[in-house]
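Here is how the chains run, residue by residue.
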Amino acid sequence: MAKTLTSENLKKQALKREKEIKKWEKEKKRPKKSFYFAYLVFIITLIYGTDEIASTIGTLMKTEIANDLLSKFGESSIGVLDILSILVVPFQAIGLLYRPLADRWGRKKFLIINTFGMSLALLIIFLSNNLLLYFIGTALVQFFIPHDMHVVYIMESSPSKHRARVYSVIKFVANMSVMIIPLLRRLLMSSASEWRNVFFIPAIIGLVASFIALLTARETDSFIDSRLRYLKMSDVEREQEKQAKSSENAQGGLIHALKFALKHKQLKWLYITSAIANLGFIGTINYQTILSYGYAQNYVDNGLFASLGEEVMNAVSVGPVTDAIFMFPVGLAVSQVIMGFISDWKGRKSAAVVTAFNCLVAFITFSFGARLAWDPYLVGFLCGAAIGSYYTTNDVLIMMIGESSPTNLRSSCMSAQFIVTGIGVALSYTLSLPFTLTIGNTVVGIVSFALLVPGFIVALVSLFKQVNETKGIDMDTVTGAEWD
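Residues numbered from 1 in each chain as written. Predicted model: local features only at pLDDT ≥ 70, side-chain atom pairs only at ≥ 80, totals over all residues. Heavy atoms only, no water.

### Digging into the packing of aromatic side chains
Evaluated as defined, the whole model comprises 11 aromatic pairs. Each ring, one from Phe 143 and one from Phe 144, has its centre 4.8 Å from the other, and the planes form 90°; the classification is edge-to-face. Of the two residues examined, Phe 143 and Phe 144, each falls in the buried class. With 5.5 Å between their ring centres and 85° between their planes, Phe 363 and Phe 366 make a pair best called edge-to-face. With Phe 363 and Phe 366 both in helix H20 (residues 348-371) and three residues apart, the pair spans about one turn of that helix. In this structure Phe 363 comes out as buried when scored by relative accessible area, which is 2%. Judged by relative accessible area, Phe 366 falls into the buried class, the value being 0%. One aromatic cluster is present, built from ring pairs that chain together Tyr 134, Trp 195 and Phe 199. Over the ring of Trp 24 we find Lys 23, and its NZ or CZ is 4.4 Å from the ring centre. (Phe/Tyr/Trp six-rings, centres within 6.5 Å; stacked < 30°, edge-to-face > 60°. Buried < 20%, exposed > 50% of the residue type's maximum accessible area, 1.4 Å probe, protein only. Helix = DSSP H or I, 4+ residues; strand = E, 2+ residues; numbered from the N terminus. Lys NZ or Arg CZ within 6 Å of the ring centre and 35° of its normal.)

### Quick word on the side chain of Ser 335
In this structure, Ser 335 sits in helix H19 (residues 310-345). Overall, Ser 335 belongs to the buried group, its relative accessible area being 4%. Polar side-chain contacts of Ser 335 include one of 3.0 Å to the backbone oxygen of Gly 331. At 2.9 Å, the side chain of Ser 335 and the backbone oxygen of Leu 332 are in polar contact. Setting aside its immediate chain neighbours within four residues, Ser 335 contacts Gly 384, Ala 385, Gly 388, Ser 389 and Thr 392. (Polar contact = N/O pair within 3.5 Å; in protein donor to acceptor, adjacent residues only side chain to side chain. Contact = heavy atoms within 4.5 Å.)

### A short note on the packing of helix H4 (residues 77-87) against helix H22 (residues 407-438)
Orientation of H4 relative to H22, taken along the N-to-C sense of each, is 150°, at an axis distance of 9 Å. By the angle between their directions, the pair H4 and H22 is classed as roughly antiparallel. The interaxial crossing formed by H4 with H22 has left-handed handedness. Across the interface between the two elements, Gly 79, Val 80, Asp 82, Ile 83, Ser 85 and Ile 86 from H4 touch Tyr 429, Leu 433, Thr 436 and Leu 437 from H22. Looking at side-chain class alone, the contact of H4 with H22 contains six nonpolar, three polar and one charged residues. (Axes fitted to C-alpha atoms, helices over the stretch in contact; angles between N-to-C directions. Parallel < 35°, antiparallel > 145°, perpendicular 65-115°, else oblique. Left-handed = near helix turned anticlockwise from the far one by under 90°. Nonpolar A, V, L, I, M, F, W, Y, C, P; charged D, E, K, R; others polar.)

### What about unusual backbone geometry?
It is generally the case that most residues other than glycine have a negative phi and that most peptide bonds are trans. Positive phi values are uncommon outside glycine, yet Ala 373 reaches one of about 55°. Along the chain, the position of Ala 373 falls in the loop between H20 and helix H21 (376-403). Judged by relative accessible area, which is 32%, Ala 373 ranks as partly exposed.

### Quick look at the packing of helix H15 (residues 254-263) against helix H16 (residues 265-277)
At a minimum axis separation of 5 Å, H15 and H16 run at an interaxial angle of 105°. Taken as axis vectors, H15 and H16 run roughly perpendicular relative to one another. Mapping the contact onto sequence places Leu 258, Phe 260, Ala 261, Leu 262 and Lys 263 in H15 and Lys 265, Leu 267, Lys 268 and Tyr 271 in H16. A per-class count over the contact of H15 with H16 returns six nonpolar, no polar and three charged.

### Here we look at a nonpolar patch on the surface
Taken together, the side chains of Leu 183, Leu 187, Leu 188, Phe 200, Ile 201, Ile 204, Ile 205 and Val 208 make up a nonpolar region of the molecular surface, amounting to roughly 620 Å² of accessible area. Sorting the residues of the nonpolar patch by element identifies helix H11 (180-188) and helix H12 (200-216) as the ones contributing at least two each. No other element matches H12, which puts five residues into the nonpolar patch. Examined against the element boundaries, Leu 183 turns out to sit in helix H11. (Patch = residues over 30% accessible without salt bridge, like charges linked within 9 Å, V, L, I, M, F, W, Y side chains within 5 Å. Areas by Shrake-Rupley, 256 points an atom, 1.4 Å probe, with all protein chains shown as cover. Salt bridge = Lys/Arg side-chain N within 4 Å of Asp/Glu carboxyl O.)

### Description of the pattern of salt bridges
All told, the structure shown has seven salt bridges when counted by the stated rule. The closest approach of N and O atoms between Lys 62 and Asp 82, which form a salt bridge, is 2.5 Å. Taken together, the residues Lys 62 in helix H3 (residues 62-69) and Asp 82 in helix H4 connect sequence positions 20 residues apart. Residue class for Lys 62 comes out buried when judged on its relative accessible area of 5%.

### Brief notes about the nonpolar core
Membership of the largest hydrophobic core comes to 130 residues, with the highest contact counts inside it found for Met 61, Ile 181 and Phe 366. Among the elements that line this core, the one with the most residues is H21, at 13 residues. Not counting chain neighbours up to four residues away, the residues in contact with Ile 181 comprise Ile 53, Thr 56, Ile 57, Leu 60, Met 61 and Val 198. Counting six residues, the second largest nonpolar core, distinct from the first, contains Ile 21, Trp 24, Ile 224 and Leu 228. (Core = buried A, V, L, I, M, F, W, Y, C linked by side-chain atoms within 4.5 Å.)

### Quick notes on helix H13 (residues 221-232)
Given a rise of 1.5 Å per residue, 12 residues ought to cover 16 Å, and the 16 Å separating the end C-alpha atoms of H13 matches this to within 8%. Among the residues of H13, those classed as buried are Ser 222, Phe 223, Ile 224, Ser 226, Arg 227, Leu 228, Tyr 230 and Leu 231. (Expected span 1.5 Å × (residues − 1).)

### Some remarks on the environment of Pro 182
Among the secondary structure elements, Pro 182 is positioned in helix H11. For Pro 182, a relative accessible area of 0% gives the class buried. Between the C-alpha atom of Pro 182 and that of Leu 228, which follows or precedes it by 46 residues, the distance is 47 Å. Those residues in contact with Pro 182 that sit more than four places away from it in its chain are Thr 322, Ile 325 and Phe 326.

### Considering the environment of Leu 433
Relative to the helices and strands, Leu 433 resides in helix H22. Sequence spacing of Leu 433 and Val 444 is 11 residues, and the spatial spacing of their C-alpha atoms is 9.3 Å. If sequence neighbours within four positions are ignored, Leu 433 has contacts with Gly 79, Asp 82, Ile 83 and Ile 86.

What follows is the structure in structure tokens.
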């Protein structure tokens, strides 16, 4: 009986494989329309813009959200909101377990699901009238953001020699879309308490973008080729491949990806570098607070207001902070587009050095600029340049991880990167929260600088000494063992 059941199961598995092979072969034969790549770039840019808005909007509204939902906690409300961010981490972890499914089921499904999910989350935040609903919306945003399927699309669909440049141009446009946030602040916020209104339009844009992707995007050729090769193997060949690669190169999975990385020098040190670079993470979620309290403290010091109360924070919110945020996406975009050209011209390491240096200089100047009440548009540009350079440095690292991973583990290896960077993020929270909770929001800038600067220095040393260049790598044939 057992033998019969086994035979039937094998037959069912064979039929299932044949059905999937036909599906992917049919998809591969679909003719690409003229200018499909340009069309794809447009779709991905629209989705990337939705992702950037969903990733940024909560931070750009952070002071207003904290003062509204958490006003009873007083000046330490930012620290309390940071604690709330920690509670969202399990949802990020669940999202990481969900991401590797794209190595089995395909990229397109998750491109659509992620965009729709982020947009729905923004809609929930718009409708929130209490802390619980806000938390649910934030948790959903953090579940979908780490997936970055649009980045996988760019990497697998772009010509190798122009990959970083195409990525940077798309990211530049996506970053500029963040300018809709200060525009909506200007149009829909007559006072700081109306912060929810800003979430509605981005939510609708995202829902439309997911629908367009559903109708127009097609699966990437790299995934189809990789999946067909795997499906067409005989059971013996599949087992031999698993044994030859110690099972770490199966069709996706975080455990396989982590085991694979630990056995190969390149990925192992890219993960270590990513973790160290994220020691300064706390500054990337509190830059709007640094802006707000910098200007507010300057107003108080110059006698415009008696103390850091609701009146001064409201004046700052609808005044210099909104002005500064108009230039934030410009600084963000300019700092990030630089990476692509340097990366394709000089290599990934050179790009990381330039972006890290830009981050340090811009962070110092925007912090001092807010405190000294410099022109808000200049300070906003510097703020965007600092944050853009920070994330671009991480983008270089994750690009190198993608370029150092085999196709059938690429999405999983990029997901596993978020686990190791979580170590740096956890340390950033652990070291900063005692200060923000006891001293208050005015110390956020100092604490952020104290963590960001040494973290980047050590990360760059690790990058130079242990990691190899990946510029020009063939992503269809890379095995991950080339640098062992």
